[in-house]
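Chains, contacts and geometry: an overview
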Amino acid sequence: MQDSKTTLRRSNKQLTLKKKRSSGRRIFGWLAAATVLAAVTFVVWFIVAMQPVGGANEKQPFIVEPGDTLEIVGLNLQKEGLVRNSFVFTVVAKLTNKTVMAGTHYLSPSQSVLQIAFDLQKMAGSEYRQVTILAGQTLAELKVSLIAVGFAAGDIDEAFDKVYNSPLLSDKPTASTLEGYIFPDTYHLDAEDNASTLVQMAIDNLYNKLKSDGSLDVMKSQGKTIYQTLVMASIVQKEVSDPEEQKNVAGVFANRLQWDMLLGSDVTFHYAYKQGYCTTNTPDCDSVYNTRLYKGLPPGPIANMEYAAIQAVLHPAENEHFFFVAGDNGKTYYATDADGHFENVRNHCHKLCQ
């Protein structure tokens, strides 16, 4: 009887041991399967993250500063919407022994991570220079400033006369110059880049801004072309530089156009005189650019402009003003009628209005 009980206990122990072994094998199998699944999931995620972000093929400037690490470059690429994940870029660059060179690179969201890593290496050892274009400049003024930073006069003339391929210029009259289209900003160029490269960068920069924030759609909904918008924005820019005042001035011009009035902007006849379109720098300057004499918009922009001036034209302040004058104290005074305007001139504009 005792032997039978002992045998039974031994059998139970063996059965329990077999169950534990079986359970251990199942747990190990589950862990192995989970590990494989996790590994496969990671590989799939990594491969997907290496693919292009997608979007337009147009390239945008991407600046690598001296001393930037791969990690910093990866974070900046992700921030600019050029790669899906900064970690993936860093890993790919390290695995392929890619270095990144300081300078301005032109990259597109349509490129894969590997393509971007290759492009960032192409300019090995290249130097770059920084060029700042100021707002409110005419082409003539811009030429002077570009000569001052080392561009040759002939190179600049060639750049200004060149025909560029950009949607920004799609509605620009063929006979018009690039006046107003060379967007003010700070640009980083390679040492060998010429003035044409700078102009192309400025044109692309402005178009990308208008496209990315929906301004092109706003123009379309308002029945405005890019060209018309830039013409008006250039006048607003030359009249006032403060963004809030630009909205108010744009509101005045919008009211005048709505009521089929002359724009009456003094900066337009000043431009006509400086360009040699008339012989007197006065309101009776006989040029189609002079909005004191001719209704509607002038034939083209009269300068380049800050982005705020463009936004002011697209989103002008709603007011009932038809007149404004810049006072000697730096403030702008508005009026709903001519009497109020002349009073503002008498009270606030002595030196500037002479």
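Note: the structure precedes this text.
This write-up is about the structure you can find in this document. (Residues numbered from 1 in each chain as written. Predicted model: local features only at pLDDT ≥ 70, side-chain atom pairs only at ≥ 80, totals over all residues. Heavy atoms only, no water.)

1. Here's the deal with the overall build of the chain
This is how it is decided: Helix and strand labels come from DSSP, where a helix needs a run of H or I of at least four residues and a strand needs a run of E of at least two; each type is numbered from the N terminus. Computation of the radius of gyration draws on C-alpha atoms, with the globule rule given as 2.2 Å multiplied by the number of residues to the power 0.38. Where accessible areas are quoted, they stem from the Shrake-Rupley method and a 1.4 Å probe; at the residue level, only the protein chains shown are allowed to cover. Positive: Lys, Arg. Negative: Asp, Glu. His and the chain ends are not part of the count. Charge placement uses NZ in Lys and CZ in Arg. For Asp and Glu, CG and CD serve respectively.
Scanning the chain for helices and strands turns up 13 helices and six strands. Expected size for 354 residues packed as a compact globule is a radius of gyration near 20 Å; at 33 Å, the chain overshoots this value by more than 25%. Its C-alpha atoms give the chain principal-axis dimensions of about 130 × 50 × 35 Å. Carbon and sulfur atoms form 56% of the exposed surface of the chain, whose accessible area is close to 19,600 Å². Here the chain contributes 33 positively and 37 negatively charged side chains, and the mean placements of these two sets differ by 25 Å.

2. A closer look at the packing of helix α6 (residues 153–161) against helix α7 (residues 195–212)
The condition that has to hold: Lines fitted to C-alpha atoms define the axes, with helix axes restricted to the stretch in contact, and inter-axis angles between N-to-C directions lie between 0 and 180 degrees. Roughly parallel covers angles under 35 degrees, roughly antiparallel covers those over 145, roughly perpendicular covers 65 to 115, and oblique covers all other angles. Left-handed is the label given to a crossing in which the near helix is rotated counterclockwise from the far helix by less than a right angle, and right-handed is the label when the rotation is clockwise. Here a residue-residue contact requires only that any non-hydrogen atoms of the pair lie within 4.5 Å.
For the pair α6 and α7, the least separation of the axes is 8 Å and the interaxial angle reads 40°. One element, α6, and the other, α7, form an angle in the oblique class. The interaxial crossing formed by α6 with α7 has right-handed handedness. Across the interface between the two elements, Asp 155, Ile 156, Ala 159 and Phe 160 from α6 touch Ala 195, Ser 196 and Val 199 from α7.

3. What to know about the packing of helix α8 (residues 215–222) against helix α12 (residues 307–314)
Put simply, the test is: Polar here means any residue other than Ala, Val, Leu, Ile, Met, Phe, Trp, Tyr, Cys and Pro, which are nonpolar, and Asp, Glu, Lys and Arg, which are charged; Gly is therefore polar.
Interhelical geometry of α8 versus α12 gives an angle of 35° and a closest axis separation of 10 Å. The way α8 lies across α12 gives a crossing that is left-handed. Along its contact with α8, which presents Ser 215, Val 218, Met 219 and Gln 222, the element α12 presents Tyr 307, Gln 311 and Leu 314. When the residues that make up the contact of α8 with α12 are grouped by side-chain class, the tally is four nonpolar, three polar and no charged.

4. What about the environment of Asp 157?
Keep this limit in mind: Burial status follows relative accessibility: with a 1.4 Å probe on protein chains alone, a residue under 20% of its type maximum counts as buried, one over 50% as exposed, and anything between as partly exposed. The definition of a polar contact used here is a pair of N or O atoms within 3.5 Å, where within protein one atom must be able to donate a hydrogen and the other to accept one, and adjacent residues in sequence count solely through side-chain atom pairs.
Among the secondary structure elements, Asp 157 is positioned in helix α6. On the basis of relative accessible area, Asp 157 is assigned to the partly exposed category, the value being 32%. Within polar-contact distance, the side chain of Asp 157 engages the side chain of Lys 143 at 2.9 Å.

5. Section: the pairing of strand β2 (residues 103–107)
Quick note on the threshold: For two strands to pair, DSSP has to find at least two bridges joining them.
Burial runs high along β2: four of the five residues are buried. Relative to β2, strand β1 (residues 60–64) is paired through five bridges, and the arrangement is antiparallel. Within β2, the residue paired with Val 64 across the bridge is Gly 103.

6. Thoughts on the state of the cysteines
Our working rule: When two cysteine sulfur atoms lie within 2.5 Å, the pair is treated as a disulfide.
Scanning the model with the defined rule gives two disulfides in all. Note on cysteine connectivity: Cys 349 is disulfide-linked to Cys 353, with sulfurs 1.8 Å apart. Residues Cys 349 and Cys 353 share a disulfide whose torsion about the S-S bond is about 105°; that sign makes it right-handed. When its relative accessible area of 4% is taken as the criterion, Cys 349 is described as buried. For the chain, the disulfide bridges join cysteines in the arrangement 1-2, 3-4, where the cysteines are counted in sequence order.

7. Examining the layout of surface pockets
Over the atoms rolls a probe the size of a water molecule, and in doing so it shows where empty space is left. Threshold: Buriedness for pockets is judged along seven lines, at least five of which must meet protein on both sides within 12 Å for an open set on the 1 Å grid over protein atoms alone, while cavities are sets there where a 1.4 Å probe fits but cannot get out, and lining residues have an atom within 4 Å of a point. Grid points are joined across faces, edges and corners, and a volume is the space filled by probe spheres set on the points.
A volume near 650 Å³ is recorded for the largest pocket. Lining the largest pocket are 24 residues, and of these Gly 264, Asp 266, Arg 292, Phe 324 and Val 325 lie nearest its centre. Counting residues per element, the ones that place at least two in the lining of the largest pocket are α9 (226–239), α10 (243–258), α11 (266–274), β5 (323–326) and α13 (338–348). Top element by residues in the lining of the largest pocket is β5. It accounts for four residues. Grouping the constituent residues of the lining of the largest pocket by class yields 14 nonpolar, five polar and five charged.

8. Side note on α6
Test applied: Picture the helix axis, draw a direction to every C-beta atom, and the arc is the one those directions span.
Among the residues making up α6, those that are buried are Asp 155, Ile 156, Ala 159 and Phe 160. Angularly, the buried residues of α6 cover 130° about the axis, an arc narrow enough to put them on a single face. Exposed and oriented more than 90 degrees from the buried face of α6 are Glu 158 and Asp 161. On its buried face, α6 is in contact with α5 (139–148) and α7.

9. Looking at the packing of aromatic side chains
Convention followed: In this analysis, rings of Phe, Tyr and Trp, with Trp reduced to its six-membered ring, are considered paired at centre separations within 6.5 Å, and the interplanar angle assigns stacked below 30 degrees, edge-to-face beyond 60, and tilted for intermediate values.
Tallying each qualifying case throughout the model produces seven aromatic pairs. Considering the side-chain rings of Phe 183 and Tyr 307, the 6.2 Å spacing of their centres and the 90° angle between planes classify their relative orientation as edge-to-face. Of the two residues, Phe 183 is situated in the loop between α6 and β4 (186–190) and Tyr 307 in helix α12; the sequence distance between them amounts to 124 residues. Assessed through its relative accessible area of 18%, Tyr 307 is described here as buried. Ring-pair connections join several aromatic residues into one group, and the members of that group are Phe 253, Phe 324 and Tyr 334.

10. A short note on unusual backbone geometry
Positive phi is not limited to glycine here, since Asp 260 has a value of about 55°. Along the chain, the position of Asp 260 falls in the loop between α10 and α11.

11. A closer look at the side chain of Ser 196
As for its placement among the helices and strands, Ser 196 is situated in helix α7. If we skip the residues at most four places from it in the chain, Ser 196 touches Asp 155, Ala 159, Lys 162 and Tyr 164.

12. A few points about a nonpolar patch on the surface
Operational definition: Patches in this entry comprise residues that are over 30% relatively accessible and not in a salt bridge; like charges within 9 Å are linked, as are nonpolar side chains (Val, Leu, Ile, Met, Phe, Trp, Tyr) within 5 Å. Salt bridges are defined as contacts in which a side-chain nitrogen from Lys or Arg sits within 4 Å of a carboxyl oxygen from Asp or Glu.
Where nonpolar side chains cluster on the molecular surface, the patch consists of Phe 42, Val 43, Trp 45, Ile 47 and Phe 87 and spans about 480 Å² of accessible area. It is helix α1 (residues 2–49) that contributes the most residues to the nonpolar patch, four residues altogether. Mapped onto the elements of the fold, Ile 47 is located in helix α1. On the basis of relative accessibility, which here comes to 45%, the residue Ile 47 falls in the partly exposed class.

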